[in-house]
Structures are given as C-alpha cells and as structure tokens.
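Observations on the three-dimensional arrangement
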Amino acid sequence: MVDVSTSIVIDRPLSVVAGYTMNPLNAPAWYQNIRSVRRLDQDDFGLGSRTAFEARFLGRDLSYTYEVTTLLEDRQLVMATAQGPFPMRTTYRFEAVGPHGHPGRIAQ
C-alpha cells in the first residue's frame, strides 16, 4: 500500500481554492502526473460522478476511473477507483488557516 500526504497553503479565499481543486477537469493544470481527464457523466458534479483519468505513476501509464464518494462543499472531496489497475483513493481536505476564511490550505 502506498500512502502519500501533502499540504500546501495558498493565499486565496478558501472557496476559490476548494472550488478550483475540487473540479477534476482542472487536475492536469496543477497535478504533474495527470495527463488528461474527462467527465463520464452529463449530470452536475456530485456524489457518484465518474471521471476518467490518464496518468503516469511510478513509471507506468495508467488509465482509471474515479468515482466521487464524499463531497462536502469547500471542505472535502474523496474519489476512489471504480475501474483501474489497482485500488486508489484520493482525499482532498480544505481548511482556512488565516483570518476571514483565507488563505486556503489543501491537504491531500
């Protein structure tokens, strides 16, 4: 099992940080290993939504589908593999670390 944790403070309002990060279509812009992302659902993004990812991890090209299992606005997003070469789960947690609800911190 591989468990990776990171944390970063971003000097922006929490809602802006969480809103951008919780949209999986933005992942290739800020996550180096993700090459492409496409939504598999036409509905609004929410619980049960599925997204297809193409990535490179540990020297391998990976194709997998993540499904949203937890979605708490501006606080937490959890996605787990619905299809892929091995089980994965990614959790994003957001918290304000400064006055007035910013800057936002992402804990992944």
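Here, the structure is the one placed above.
Before going into details, it helps to say that this report is about the structure given with it.

Basis of the calculations
- Within every chain, residues take consecutive numbers counted from 1 along the sequence as written.
- Per-residue local features of the predicted model are confined to residues with pLDDT of at least 70, and side-chain atom pairs are confined, for both listing and counting, to 80 or more; whole-chain, interface and lining totals are unaffected and use all residues.
- Water and hydrogen atoms play no part in the side-chain values, which are based on all heavy atoms of the structure.
- Runs of H or I in DSSP of at least four residues are treated as helices and runs of E of at least two as strands, each being numbered from the N terminus.
- Residue contacts are defined here by distance: any two heavy atoms, one from each residue, within 4.5 Å place the two residues in contact.
- Any pair of nitrogen or oxygen atoms within 3.5 Å is treated as a polar contact; in protein, a donor-acceptor pairing is required on top of that, and neighbouring residues in sequence qualify only through side-chain atoms on both sides.
- Between the rings of Phe, Tyr and Trp (Trp by its six-membered ring), a pair exists once the centres lie within 6.5 Å; its type follows the angle of the planes, with under 30 degrees stacked, over 60 edge-to-face, and the other angles tilted.
- Only protein chains enter the accessibility calculation, which uses a 1.4 Å probe; a residue whose area is less than 20% of its type maximum is buried, one above 50% is exposed, and one in between is partly exposed.

1. Section: the environment of Glu-54
Looking at the element boundaries, Glu-54 is found in strand E3 (residues 50–57). For Glu-54 and Ile-34, which are 20 residues apart along the polypeptide, the C-alpha to C-alpha distance reads 6.1 Å. With residues near it in sequence (within four places) discarded, Glu-54 still touches Asn-33, Ile-34, Arg-35, Ser-36, Leu-62 and Ser-63. Engagement of the side chain of Glu-54 in a polar contact is seen with the side chain of Ser-63, the distance being 2.7 Å.

2. Topic: the packing of aromatic side chains
A complete count under the given rule lists five aromatic pairs for this structure. When the ring of Trp-30 is compared with that of Tyr-92, the centres are 5.9 Å apart and the planes differ by 70 degrees; the resulting orientation is edge-to-face. Of this pair, Trp-30 sits in helix H2 (residues 27–30) while Tyr-92 sits in strand E6 (residues 89–96), and the two are 62 residues apart along the sequence. For Tyr-92, a relative accessible area of 6% translates into the label buried. Relative to Tyr-66, the ring of Tyr-64 has its centre 5.2 Å away and its plane inclined at 70 degrees; by these criteria the two rings are edge-to-face.

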